[in-house]
Amino acid sequence: MAKSTVAVAALLTVTAAGAGGYYYLQTKDPGDQPEQLAQAVPEQAYAVGYIATDSKIWSKFDRFGSPAVKQLMDRSMQQMQKDVVGDINYQKDVQPWLGNVMLASFTTASKTDTSQTATSDRPSMLVVSKVKDKISAFNFLNKLKGKSKTPATETDYNGAKIWSVSGKEPYHMASLDDWLVGSSDRAAVEKSIDTIKGAASFSQKNGNQFFASGKLNIPNPIASVYIDFPRMAKAVANSSNKFDASQLAQFSQVQTFVAGTGIDDQGIRAKSLTQMNPNSIKIPAKTGKVLANFPEDSLLVLNGTGLKNIWTEGVKQFDSDPKAKTALADVRKAFRNQTKLDLDKDLFGWLDGEYAIGLFPQKSGFLGSLTGTGLTAVFENTDQQSSEKSLDAVIKGLVAGNAPISAAKSKSGKTINNISSPFGGVVMSYGELDNKSVFLSTKEIAISEPLTKGAEFQKIVGSLSQSDQGLVYLNFQRVAALLESETLKEQTASIPADYLSLLKSIEGLAIGNKIAGDTYQTEGILMLKPAK
């Protein structure tokens with residue numbers, strides 16, 4: 001198929017990439033907001049997304065990054081534009097007239113046999129936008145017509161004209177007043193025209209939570225998405241892409257999902273709200289105290305709680321899927337054969353407290369000499385005696401005589417088990433950390449400067465409004481330093497300098513989770529370094 005035909009099909013869906021690539025260019029006033037664009041989306045939509053094309057919003061990136069990073073992003077966007085839409089120039093050909101974009105998923109009817117009487121539902125994707133400058137849009141469409149080897153056909157539907165391009169991947173577009181809609185499914189375009197003409201729209205949908213994305217309180221929003229899971233499951237029940245019983249069981253746990261991302265003074269921030277059913281998994285809150293066992297220069301830390309609850313709920317989901325149930329049975333059998341223990345009882349049975357797993361710079365030891373990093377994992381529990389015995393049995397079962405294990409007393413009088421390498425030296429230690437937690441680590445846990453007291457951790461994680469149930473922390477500056485260290489210098493020599501510059505332009509990543517009743521709240525920040 002000709003590139004120009006591909007351009008028609010891909011144009012609106014790559015708008016975000018184009019807007020991001022040319023965020024520093026000035027355009028006219030912003031296009032319409034989600035509430036307005038939803039007036040062209042049929043009421044039965046079950047998934048809706050929104051992408052801002054307004055360069056005033058994307059220009060907020062001006063405060064971040066180095067010239068090298070901006071040059072890299074510019075080249076990447078230009079190459080992607082070339083690969084996807086050929087010789088169409090987003091800045092000159094599209095940006096002057098295309099408003100903000102909404103994408104919507106719903107089902108349309110299709111014929112299922114040669115008699116043309118039986119029908120089923122097929123999922124369809126609709127793209128909606130408003131035209132800011134009709135003359136520029138008209139000139140662009142004429143440019144496409146001149147380049148296309150396959151002429152577009154023009155038909156009338158309900159007072160609107162539909163332009164269709166046939167081929168392996170057909171595409172249909174319609175212009176009505178200021179509206180521009182497109183889809184690979186003509187029926188989706190027709191439904192959108194009917195909606196613009198007065199049929200029930202998504203903006204009028206009873207119980208619609210999409211516009212609740214404003215409650216996420218995200219400044220300068222650039223994208224948002226809404227999914228109604230019960231509606232989606234019902235919509236595709238009669239389609240060729242039917243969900244099986246296990247998928248329906250998973251969907252039944254979730255009611256709605258709303259997420260959005262934007263640009264604030266610290267970088268790119270994203271938030272989401274997941275409305276669960278009352279019988280969904282319950283995860284206790286964490287205190288974050290275990291993080292004091294990790295050094296200030298940690299690269300990556302995962303902190304959470306309720307592994308036992310998560311495993312128990314996961315097993316229930318596996319039981320509803322024959323393939324997953326068989327796979328789980330195989331894992332349980334392999335674990336028992338290796339350790340002589342029960343996976344559910346002897347491992348996950350005592351993982352009922354807070355946990356944290358982290359990586360930090362370490363030059364010594366087997367792992368440190370290879371990767372320049374060390375690892376520590378800490379698990380709190382309510383049954384210390386069982387946890388110690390189970391951890392010891394699991395480790396010895398996994399090692400199975402391939403590496404010697406010796407016991408010694410720590411400075412605090414606790415028993416520490418050291419796993420030695422056949423080549424000499426201790427590979428990992430494990431044992432009781434205090435009277436309510438156990439640990440595994442590649443070096444002795446004796447922290448003089450804990451992670452939680454570090455300025456970088458406090459700055460990045462402190463920008464989150466919540467992290468009661470879970471936390472992910474990644475320090476990009478320390479990762480970049482590790483990649484350029486003597487330990488990894490040879491392995492990372494092939495990384496292009498501009499990609500290292502991009503890595504260095506990011507201070508860190510933090511993602512926090514909180515559960516309030518049946519609502520799961522997630523917030524993430526990709527903290528960027530200010531421009532010099």
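Here, every reference points to the structure presented above.
Let us look at the structure shown here. In this text, all values refer to a predicted model and were calculated from it rather than measured experimentally.

A short note on the overall build of the protein
Part 1: Each helix and strand in the protein was counted, giving 18 helices and 20 strands.
Part 2: Within the protein, contacts between residues separated by at least 24 positions form 69% of all contacts whose residues are at least 6 apart in sequence.
Part 3: Approximately 25900 Å² of the protein is accessible, and the part contributed by carbon and sulfur atoms is 55%.

With respect to unusual backbone geometry
Part 1: One non-glycine residue, Asn158, adopts positive backbone phi at about 50°.
Part 2: Positive phi is not limited to glycine here, since Asn217 has a value of about 55°.
Part 3: Its place among the elements puts Asn217 in the loop between helix 8 (186–196) and strand 8 (221–228).
Part 4: When its relative accessible area of 59% is taken as the criterion, Asn217 is described as exposed.

Section: the pattern of salt bridges
Part 1: Counted according to the given criterion, the structure contains 15 salt bridges.
Part 2: Here Lys436 and Glu380 are joined by a salt bridge, their closest N and O atoms 4.0 Å apart. With Lys436 in the loop between strand 16 (426–434) and strand 17 (437–441) and Glu380 in strand 13 (residues 373–380), this residue pair connects regions lying 56 residues apart in the sequence.
Part 3: With relative accessibility at 16%, the residue Glu380 sits in the buried group.
Part 4: Among the charged side chains, a network of salt bridges with common partners joins Glu154, Asp156 and Lys161.

What about the side chain of Lys286?
Part 1: Along the chain, the position of Lys286 falls in the loop between strand 10 (267–276) and strand 11 (300–305).
Part 2: At 3.1 Å, the side chain of Lys286 forms a polar contact with the side chain of Asn303.
Part 3: Within the local environment of Lys286, its side chain forms a polar contact with the backbone oxygen of Ser467, the two atoms lying 2.9 Å apart.
Part 4: Residues contacting Lys286, with those up to four places away along its chain left out, are Asn303, Gly304, Thr305, Glu354, Ser467, Asp468, Gln469, Gly470 and Leu471.

Digging into the side chain of Ser129
Part 1: Tracing the backbone shows Ser129 in strand 3 (residues 119–131).
Part 2: Non-local contacts of Ser129, meaning those with residues more than four positions away in its chain, are made with Leu37, Leu98, Gly99, Asn100, Val101, Asp178, Trp179 and Leu180.

Thoughts on the environment of Val426
Part 1: Secondary-structure assignment places Val426 in strand 16.
Part 2: Not counting the four nearest positions on each side in its chain, Val426 is found in contact with Asn418, Ile419 and Ser420.

Thoughts on helix 15 (residues 384–399)
Part 1: Taking 1.5 Å per residue, 16 residues should reach 22 Å; helix 15 reaches 22 Å between its end C-alpha atoms and fits that length.
Part 2: Turning to helix 15, its buried residues number three or more, namely Gln384, Ser387, Ser390, Leu391, Val394, Ile395, Gly397 and Val399.
Part 3: Structurally, helix 15 contributes buried residues whose contacts are with helix 12 (322–339), helix 13 (343–347), strand 14 (405–409), strand 15 (415–420), strand 16 and strand 17.

Comments concerning the nonpolar core
Part 1: Core analysis: the biggest nonpolar cluster contains 39 residues, and Met102, Val128 and Phe202 have the highest contact counts within it.
Part 2: Not counting residues up to four positions away in its chain, the partners in contact with Met102 are Pro34, Leu37, Ala38, Val41, Val48, Gly49, Tyr50, Leu126, Val127, Val128 and Phe210.
Part 3: Core analysis: the next-biggest nonpolar cluster, separate from the first, contains 23 residues, Trp350, Ala377, Val394 and Ile419 among them.

Here we look at the pairing of strand 7 (residues 179–183)
Part 1: Counting buried positions over the 5 residues of strand 7 gives 5, a clear majority of the element.
Part 2: Of the pairings in the sheet, the one linking strand 6 (residues 171–176) to strand 7 comprises 5 bridges and is antiparallel in character. From the neighbouring strand, Ala174 faces strand 7, where its bridge partner is Val181.
Part 3: Connecting strand 6 to the antiparallel partner strand 7 that follows it, the hairpin turn spans 2 residues, and Asp177 within it adopts a positive phi of roughly 55°.

Some thoughts on the packing of aromatic side chains
Part 1: Taken as a whole and judged by the stated rule, the model has 5 aromatic pairs.
Part 2: Centroid distance Trp311 to Phe348: 4.2 Å. Interplanar angle 0°. Geometry classified as stacked. Of this pair, Trp311 sits in helix 11 (residues 307–319) while Phe348 sits in the loop between helix 13 and strand 12 (354–361); the two residues are 37 residues apart in sequence, bridging distant segments of the chain.
Part 3: For the ring pair Trp350 and Phe379, a centre distance of 6.3 Å and an interplane angle of 85° mean the geometry is edge-to-face. Of this pair, Trp350 sits in the loop between helix 13 and strand 12 while Phe379 sits in strand 13, and the two are 29 residues apart along the sequence. Note on accessibility: Trp350 and Phe379 belong to one class, buried.
Part 4: A cation over an aromatic ring shows up here: Lys130 above the ring of Trp179, its NZ or CZ 4.4 Å from the ring centre.

Description of the pairing of strand 20 (residues 519–528)
Part 1: In terms of residue burial, strand 20 counts as a mostly covered element, since 7 of its 10 residues are buried.
Part 2: Here 9 bridges tie strand 10 to strand 20, and the two strands are oriented antiparallel to one another. Its bridge partner lying in strand 20, Ala270 is registered against Gly524.
Part 3: As paired strands, strand 19 (residues 506–516) and strand 20 are joined by 10 bridges and run antiparallel to one another. Counted as the bridge partner of Ala510 is Ile525 from strand 20.
Part 4: Counting the residues between successive antiparallel strands, the hairpin from strand 19 to strand 20 contains 2 residues, one of them, Gly517, with a positive phi of roughly 65°.

Topic: helix 12
Part 1: Counted at 1.5 Å a residue, the expected span for helix 12 with its 18 residues is 26 Å, and the 26 Å between its end C-alpha atoms agrees.
Part 2: Among the residues of helix 12, Ala324, Leu328, Phe335 and Thr339 are the ones counted as buried. Along the axis of helix 12, the buried residues cluster in a sector spanning 40°; they form a single face. The outward face of helix 12, more than 90 degrees from its buried face, is lined by the exposed residues Pro322, Lys323, Lys333 and Asn337.
Part 3: Buried residues belonging to helix 12 abut helix 11, helix 13 and helix 15.

Rules used in this analysis
Residues numbered from 1 in each chain as written. Predicted model: local features only at pLDDT ≥ 70, side-chain atom pairs only at ≥ 80, totals over all residues. Heavy atoms only, no water. Helix = DSSP H or I, 4+ residues; strand = E, 2+ residues; numbered from the N terminus. Contact = heavy atoms within 4.5 Å. Areas by Shrake-Rupley, 256 points an atom, 1.4 Å probe, with all protein chains shown as cover. Buried < 20%, exposed > 50% of the residue type's maximum accessible area, 1.4 Å probe, protein only. Salt bridge = Lys/Arg side-chain N within 4 Å of Asp/Glu carboxyl O. Polar contact = N/O pair within 3.5 Å; in protein donor to acceptor, adjacent residues only side chain to side chain. Expected span 1.5 Å × (residues − 1). Core = buried A, V, L, I, M, F, W, Y, C linked by side-chain atoms within 4.5 Å. Pairing = 2+ DSSP bridges. Phe/Tyr/Trp six-rings, centres within 6.5 Å; stacked < 30°, edge-to-face > 60°. Lys NZ or Arg CZ within 6 Å of the ring centre and 35° of its normal. Arc of directions from axis to C-beta.

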